[in-house]
Structure formats: C-alpha cells, structure tokens
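Here is what each chain is made of, one letter per residue.
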Amino acid sequence: MKEEATLVIIKPDGLKKSLTGNILSRLSESKLKIIGARILKVDIALANEHYRHLQKEPFYPELTKYITGQLHGENRVMALVYFGEGAITKVRELAGATNPEEADPVSIRGAFGRILTTGLFENVIHASSSNEESEREIKLWFGPDEIVQELYPVKEINPESLKRRVWK
Ligand code: UDP
Ligand code: MG
C-alpha cells in the first residue's frame, strides 16, 4: 500500500460534545502518524471552499451553518493531517459511512453521529475520500510550515511584503 496523507476535521459537534480525546484514540488504532494539527474557527469563505463541490445539494446551506459552528454555538474545529500506508481508506473505515444511521455502530460516526430533524447528517468528523481530495483539502487547511513533512512542492515568497500579527 502507498504512503499517503489525509485530512481529518473534528466538526463543531465533536468539540461541543467533548469527543476530541475519544476520536483521537479511535483514529490512533490506524497506527498512522499525525503530521499536522490545528484548532481553528471556520469562516464562511473556508466553508464554501471546502464544500464547493456540494454547493448545488439541498442540504448545502445547513451544511455550511454546521461547519461554521452556527448550529452548535461552537465555531472551533480541530483539523489534523494523518500520514501512512493507505491513510485515506483506513481513516474512512474508522470514520464510518456518511449517514450515521447506516454507519457501522462501532465507527466514529455510527457511535456519535445523528441525523437532525432537518435531515442533515451531523456526523462528527470529516475525512478525505481520495488522493485528489486530500491534496486539495490539506493545502486549504494547512500551510507547508504547519505540517512536519514535505508533502507537496513549495515556493518561497518575500515575508517583508506580508502583513501579519506577531507576539508583542
Ligand atoms: N451530508 C448530509 N446529507 C447528505 C450528504 C452529506 O447532511 O445526504 C453532509 C454530511 O455532514 C457529510 C457532508 O455533508 O459529512 C459532506 O458530504 P460528503 O458526501 O462529502 O460525505 P463525507 O465525505 O463527509 O462522508
Ligand atoms: Mg466528502
């Protein structure tokens, strides 16, 4: 099996329900390596870009409310990059099916997910489903210096021209 990287997002319901430790323990069964981790707030621009392929779906408006935290009063998510042999398949297996009622009951989504009365699948985590998707998503959620491995080609830019916050 090929070594590859995959993006995991613990969605706002996972943080709100204090499931982070539990989810990380389950994912560690994969023996994959965590090579990046961030806690961040998801704004609408990031939500739209992450789920851009789903923009025509009827559940899309509810989905962006979900990932930006408007359903839970909790706009933090935890984003992680896992790396190793067959990482994409291994993480998808531990995550379980998209629909939490169809997911294996011992999978993360089967154990902790639910379907809202609106029909939205509140399924606790996101996991990339292909190599193209993982590359696009990892580049969206992480910069090259936030991952402890050289995954994709990089270029250098002049930091003098970039306005950014530093510690006082
Ligand atoms: N989703 C939903 N209803 C559906 C399909 C998807 O609520 O019929 C939500 C669900 O939260 C899912 C997300 O939209 O995780 C992204 O959908 P995708 O088809 O990419 O499923 P995933 O890759 O997350 O299993
Ligand atoms: Mg998907």
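Rules and cut-offs
Residues numbered from 1 in each chain as written. Chains lettered and ligands numbered in written order. Predicted model: local features only at pLDDT ≥ 70, side-chain atom pairs only at ≥ 80, totals over all residues. Heavy atoms only, no water. Helix = DSSP H or I, 4+ residues; strand = E, 2+ residues; numbered from the N terminus. Rg over C-alpha atoms; globule rule 2.2 N^0.38 Å. Buried < 20%, exposed > 50% of the residue type's maximum accessible area, 1.4 Å probe, protein only. Contact = heavy atoms within 4.5 Å. Polar contact = N/O pair within 3.5 Å; in protein donor to acceptor, adjacent residues only side chain to side chain. Salt bridge = Lys/Arg side-chain N within 4 Å of Asp/Glu carboxyl O. Near = heavy atom within 4 Å. Areas by Shrake-Rupley, 256 points an atom, 1.4 Å probe, with all protein chains shown as cover. 1 Å grid on protein atoms, 1.4 Å probe; cavity = no way out; pocket = protein on both sides within 12 Å on 5 of 7 lines; lining within 4 Å. Sits in = over half its atoms within 2 Å of the grid points. Nonpolar A, V, L, I, M, F, W, Y, C, P; charged D, E, K, R; others polar. Core = buried A, V, L, I, M, F, W, Y, C linked by side-chain atoms within 4.5 Å.

A word on the overall build of the chain
So, point 1. Check the secondary structure of the chain and you find seven helices and six strands.
So, point 2. Along its sequence from the N terminus, the chain presents helices and strands in the succession β-α-α-β-α-α-β-α-α-β-β-β-α.
So, point 3. Whereas a compact globule of 168 residues would reach a radius of gyration of roughly 15 Å, the chain reaches 16 Å, a difference of no more than 12%.
So, point 4. Across its three principal axes, the chain shows a C-alpha extent of roughly 50 × 35 × 35 Å.
So, point 5. Taking all 168 residues of the chain together, the buried fraction comes to 45%.
So, point 6. Considering only residue pairs separated by 6 or more positions, the chain has 72% of its internal contacts joining residues 24 or more positions apart.

Examining the side chain of His126
So, point 1. Position of His126 among the secondary structure elements: in strand β6 (residues 125-127).
So, point 2. Residue His126 is classed as buried on the basis of its relative accessible area of 8%.
So, point 3. Within polar-contact distance, the side chain of His126 engages the side chain of Glu137 at 2.9 Å.
So, point 4. If sequence neighbours within four positions are ignored, His126 has contacts with Leu7, Val8, Ile9, Lys11, His50, Tyr51, Arg109, Glu133 and Glu137.

As for the pattern of salt bridges
So, point 1. For the coordinates displayed, the defined rule picks out eight salt bridges.
So, point 2. Between Glu146 and Arg38 there is a salt bridge, with the nearest N and O atoms lying 3.7 Å from each other. In this pair, Glu146 sits in the segment after α7 (131-141) while Arg38 sits in strand β2 (residues 33-41), placing the two residues 108 residues apart along the sequence.
So, point 3. For the salt bridge of Glu49 with Arg136, the shortest nitrogen-to-oxygen distance reads 3.6 Å. Linking Glu49 in helix α3 (residues 44-50) with Arg136 in helix α7, this pair joins segments that are 87 residues apart in sequence.
So, point 4. Each of Lys17, Arg114 and Glu122 takes part in a single network of salt bridges with overlapping partners.

What about the site of ligand 1?
So, point 1. Around ligand 1, the structure places Lys11, Tyr51, Leu54, Phe59, Leu63, Tyr66, Arg92, Thr98, Arg109, Leu120, Phe121 and Asn123.
So, point 2. In this structure, an oxygen atom belonging to ligand 1 sits 2.5 Å away from a side-chain N or O atom of Thr98.
So, point 3. A distance of 2.9 Å separates an oxygen atom of ligand 1 from a polar side-chain atom of Arg109.
So, point 4. When isolated, ligand 1 has an accessible area of 500 Å², and the protein chains bury 82% of it.
So, point 5. When atom positions are compared with the pocket grids, ligand 1 is found to occupy the largest pocket.
So, point 6. Residue classes in the shell around ligand 1 are distributed as seven nonpolar, two polar and three charged.

With respect to the side chain of His50
So, point 1. Looking at where His50 falls in the secondary structure, it is placed in helix α3.
So, point 2. Overall, His50 belongs to the buried group, its relative accessible area being 0%.
So, point 3. With residues near it in sequence (within four places) discarded, His50 still touches Leu7, Ile9, His126, Arg136, Glu137, Leu140 and Trp141.

Let's talk about the nonpolar core
So, point 1. Counting 25 residues, the largest nonpolar core has Leu7, Val42, Val81, Ile138, Trp141 and Phe142 as its most contacted members.
So, point 2. Counting residues per element, the ones that place at least two in this core are β1 (3-10), β2, α3, α4 (60-67), β3 (76-85) and α7.
So, point 3. Of all hydrophobic cores here, the second largest spans 19 residues; its members include Ile23, Leu27, Tyr82 and Ala127.

So far we have only geometry, and geometry alone does not tell us how the molecule works.
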